[in-house]
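Residue-level structure breakdown
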Amino acid sequence: MEAMTPFVAIGGGLLIGSAAGLLLLLTGRVAGVSGMIASATRMGSGGTPWSQATAFIVGLPIGAALIALLVRTPEVIVTSSVPLLIVAGLLVGFGTRLGNGCTSGHGVCGMARLSPRSLAATATFMASAAATVFILRHVIGG
Amino acid sequence: MRNLFPGLIVGIIFGAGLALSDMVNPARVQAFLDVAGDWDPTLMFVMGAALVPSALAYLIRRRMTRPLLGDLFAIPESRTLDRRLLVGAAMFGVGWGLVGFCPGPAVAGLVLGAWQPWLFVVAMLAGMALHHVFTATHATAPSYKG
């Protein structure tokens, strides 16, 4: 994996946060990706208009492609097996809907406004993710 | 157009941020989560930096009666912690840790040449559909205003 400078990471983070802030001020909506996916596939409960959610979701890979064209192509290093990818996808899909958000909705938007639900959710998924990686790499894989 | 244009622009900026910061790379994300291994702080810088403009927007929002292009702010008001929130977040975290994908980076990474994001996104949509069916058949479930 290539080395990464904090400046590039901060630059990327500022773009993500600016996007979330812009959506709030323009349309009054929370930029939570899992909620947007649910709205775009008509499985949502949040009420983001279908066209807005779909446009947002389509924009994500366009933005990534622009970086690949203009800056550098990011590596996508995946070591997980097919069954693991499927199990993880099911958990992420079900879990983000049950818990009303993911890294963007709870992590970036919810924590920014100090929502107690988002703070609790972020602490919970960070802890369970770290515990999962620990078991995967140092207990089973160790 | 009032919905389409801001959605697209914001999605593009968001996706560019995910790609620039290497969050589309599951190995990078797992390296952050691997606190007992060769820890990589990148995600901490990304999330810390993202919180600055996001928090600023929420502060500006307090002085606004309505969004620039919309009629009302639709921000979750609930402050109560319930089991659904915590169980859902815990499930999400397990899936996130297992492979290093969360929803945004997986979707943004669809066009970067790897096939794994496609499989993950399909499984994620299936997980969302399962939840959709599950809540539809449990009519007594509390409403989702969180």
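The structure we're discussing is the one just above.
Quick look at the structure, then. (Residues numbered from 1 in each chain as written. Chains lettered and ligands numbered in written order. Predicted model: local features only at pLDDT ≥ 70, side-chain atom pairs only at ≥ 80, totals over all residues.)

**Focus on helix 5 (residues 103–112) of chain A**
Within helix 5 of chain A, nine of the ten residues are buried, leaving the element largely enclosed by the surrounding structure. Taken together, the buried positions of helix 5 of chain A are Thr103, Ser104, Gly105, His106, Gly107, Val108, Cys109, Gly110 and Ala112 of chain A. Buried residues along helix 5 of chain A sit against helix 1 (6–27), helix 2 (33–40) and helix 6 (116–140) of chain A together with helix 3 (42–61) and helix 5 (103–108) of chain B. With its phi angle positive at about 55°, Leu114 of chain A sits one or two positions after the end of helix 5 of chain A. (Buried ≥ 20, exposed ≤ 12 C-beta atoms within 10 Å, placed from the backbone. Helix = DSSP H or I, 4+ residues; strand = E, 2+ residues; numbered from the N terminus. Contact = placed C-beta atoms within 7 Å.)

**Structural notes on helix 3 of chain B**
Taking 1.5 Å as the rise per residue, helix 3 of chain B with 20 residues should run 28 Å; its terminal C-alpha atoms sit 29 Å apart, in good agreement. Residues of helix 3 of chain B that are buried include every one of Thr42, Leu43, Phe45, Val46, Met47, Ala49, Ala50, Pro53, Ser54, Ala57 and Tyr58 of chain B, and no others. Here the buried face of helix 3 of chain B lies against helix 1 and helix 5 of chain A together with helix 2 (26–33) of chain B. (Expected span 1.5 Å × (residues − 1).)

**Quick look at the environment of Leu51 of chain B**
Checked against the element boundaries, Leu51 of chain B lands in helix 3. Look at Leu51 of chain B and you get partly exposed, because 19 C-beta atoms sit within 10 Å.

**Here's the deal with the interface of chain A and chain B**
Taken together, the contact pairs 106 residues of chain A with 103 residues of chain B. Contributions of two or more residues to the side of chain A that touches chain B are made by helix 1, helix 2, helix 3 (50–70), helix 4 (82–98), helix 5 and helix 6 of chain A. Broken down by element, the residue count for the side of chain A that touches chain B peaks at 21 residues, all from helix 1 of chain A. Of the residues contributing to the side of chain A that touches chain B, the split by class is 68 nonpolar, 32 polar and six charged. (Nonpolar A, V, L, I, M, F, W, Y, C, P; charged D, E, K, R; others polar.)

**Here's the deal with the packing of helix 5 of chain A against helix 6 of chain A**
Residue and element names in this part refer to chain A. At a minimum axis separation of 8 Å, helix 5 and helix 6 run at an interaxial angle of 145°. Judged by the sense of rotation from one axis to the other, the crossing of helix 5 with helix 6 is left-handed. Listed contacts from helix 6 to His106, Gly107, Gly110 and Met111 of helix 5 are Arg117, Ser118, Leu119, Ala121 and Thr122. A breakdown of the residues in the contact of helix 5 with helix 6 according to their chemical character gives three nonpolar, five polar and one charged. (Axes fitted to C-alpha atoms, helices over the stretch in contact; angles between N-to-C directions. Left-handed = near helix turned anticlockwise from the far one by under 90°.)

**Regarding unusual backbone geometry**
Look at Leu114 of chain A: it is not a glycine, yet its phi comes out positive at around 55°. When you line up the elements, Leu114 of chain A lands in the loop between helix 5 and helix 6. One non-glycine residue, Asp22 of chain B, adopts positive backbone phi at about 70°. Tracing the backbone shows Asp22 of chain B in the loop between helix 1 (4–20) and helix 2. Since 26 C-beta atoms lie within 10 Å of it, Asp22 of chain B is described here as buried.

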